[in-house]
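Spelled out, the chains give:
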Amino acid sequence: MKKILKDKIINIENTNIFDNKFLFEYLEINKRDSNIEIIYLSDLLELKKNIDILEKVNNKPAMYSNVYSPEDELEIFKDIFDNALKNKKRVHIVWVTLDSEIKILEEYYRKLWFMRDDINCFDPDFSIPLVTVSVKIENIIWKWSDYKVQRSNIFFNPPIRESGQVKAMYKWINRWVVAWIYITNYDKKIESFLWNCILEEKILPLTLTKVLNYNLSDIWFTWIKKELIINY
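Keep in mind the model is a prediction, meaning the values are calculated, not measured.

Definitions and cut-offs
Residues numbered from 1 in each chain as written. Predicted model: local features only at pLDDT ≥ 70, side-chain atom pairs only at ≥ 80, totals over all residues. Heavy atoms only, no water. Helix = DSSP H or I, 4+ residues; strand = E, 2+ residues; numbered from the N terminus. Rg over C-alpha atoms; globule rule 2.2 N^0.38 Å. Buried < 20%, exposed > 50% of the residue type's maximum accessible area, 1.4 Å probe, protein only. Contact = heavy atoms within 4.5 Å. Expected span 1.5 Å × (residues − 1). Core = buried A, V, L, I, M, F, W, Y, C linked by side-chain atoms within 4.5 Å. Pairing = 2+ DSSP bridges. Axes fitted to C-alpha atoms, helices over the stretch in contact; angles between N-to-C directions. Parallel < 35°, antiparallel > 145°, perpendicular 65-115°, else oblique. Left-handed = near helix turned anticlockwise from the far one by under 90°.

Caption draft 1: Local environment of the overall build of the protein chain. When its secondary structure is counted, the protein chain shows nine helices and 10 strands. Its C-alpha atoms give the protein chain a radius of gyration of 18 Å, within 12% of the compact-globule value 17 Å for 232 residues. Here the C-alpha coordinates of the protein chain stretch approximately 60 × 45 × 40 Å along the principal axes. Expressed as a percentage of the 232 residues in the protein chain, the buried residues total 50%. Taking the contacts inside the protein chain whose residues are at least 6 apart along the sequence as the reference set, 72% of them involve residues at least 24 apart.

Take a look at the structure:
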């Protein structure tokens, strides 16, 4: 078995080096003991739920994406972001879904000199910024076109956005702006998805271990450490 560390992959002693397993460590936020405010966009979006559209999704399930509209989400994000900077308050925003949200964060990180031109990528010290964000894993597993088949199975809050927004989340994970991938219930489906991300090079193993573990440990959270074994 191989363990994925922050900057290298090692063979684990007393395990079969020829088996097909990667060991990742995953950090789960301990909300009760954390000093940083954790804001779930879903809680605030629920207050702006569009009931009129919800009544139409049985016939047009893809309309569910607008039950919690991207315009409302962006407005909420901007308010949180602006207040955090104005009041010099550290916040972590959970479940962003929009490219426009991450572009705001990208500009902020540029001003913090996190952009590295030599690799055309950001290299943040996540102990510094006042605002950090995470993506819920379901919002990269699924895409807008999946509503046709999955229907109510993927009626989440925040909702699955259009395919271009899903691709943007991959982009910002790989450019090291997104700090964390939020996983509620780890199961075989998620394990298979993560392995396909590695196999198809959507997310490289060393990037994945950062958004599962090491980035979060830099954000001054208290957290619970778990192990994820991905078979390939």
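Caption draft 2: View of helix H4 (residues 99-111). For H4, with 13 residues, the first-to-last C-alpha span of 19 Å sits near the 18 Å given by 1.5 Å per residue. Taken together, the buried positions of H4 are Asp99, Glu101, Ile102, Leu105, Glu106, Tyr108 and Tyr109. Among the structural elements, helix H1 (41-46), helix H3 (70-87), strand S6 (115-116), strand S7 (121-122), strand S8 (131-136) and helix H7 (163-174) are those in contact with the buried residues of H4. Positive phi appears at Trp113, one or two residues downstream of H4, with a value of about 65°.

Caption draft 3: Spotlight on the nonpolar core. Counting residues in hydrophobic clusters, the biggest one holds 74 residues, and the most contacted among them are Ile181 and Leu208. Each residue touching Leu208, except ones within four places of it in the same chain, is listed here: Phe24, Ile181, Leu194, Ile198, Ile203 and Ile230.

Caption draft 4: Examining the sheet that holds strand S1 (residues 2-4) more closely. Across the sheet, four strands lie side by side as S2-S1-S3-S10; this open sheet has mixed pairing. Each of the sheet's edge strands pairs with one partner strand only, and the pair in question is strand S2 (9-11) and strand S10 (223-231). Across the sheet, the mean angle separating the axes of adjacent strands is 30° when strand polarity is ignored. Together, strand S3 (21-29) and S10 form the strand contacts of helix H8 (residues 188-199), whose direction differs from that of S10 by roughly 70°.

Caption draft 5: Broad picture of the packing of H3 against H4. Relative orientation of the contacting elements H3 and H4 amounts to 20°, with a least axis distance of 9 Å. If you check the angle between H3 and H4, you find them roughly parallel. Note that H3 runs across H4; the crossing there is right-handed. Contact with H3, carried on its side by Glu73, Leu74, Phe77, Lys78, Phe81 and Leu85, involves Ser100, Glu101, Ile104, Leu105 and Tyr108 of H4 and no other residues of that element.

Caption draft 6: Local environment of the sheet that holds strand S5 (residues 91-94). In space, the four strands of this open sheet follow the order S4-S5-S8-S9, with parallel pairing throughout. Here the strands that pair on one side only, and so sit at the sheet edges, are strand S4 (37-40) and strand S9 (180-182). Across this sheet, the average inter-strand angle for adjacent strands is 30°, counted without regard to direction. Summarising the sheet, S5 and S8 pair through four bridges and their orientation is parallel. Bridging across to S8, His92 finds its partner in Thr132.

Caption draft 7: Here's a closer look at the environment of Leu44. Within the secondary structure, Leu44 is located in helix H1. Sequence separation between Leu44 and Ile76 is 32 residues, and the spatial gap between their C-alpha atoms is 7.5 Å. Apart from residues lying up to four places away in sequence, Leu44 is in contact with Ile39, Ile76 and Ile80.

Caption draft 8: A look at the packing of H4 against H7. Between H4 and H7, whose axes approach to 9 Å, the crossing angle comes to 25°. Here H4 is positioned roughly parallel relative to H7, judged by the angle of their axes. Between H4, through Asp99, Ile102, Lys103 and Glu106, and H7, the contact on the second element is made entirely by Gln165, Ala168, Met169 and Trp172.

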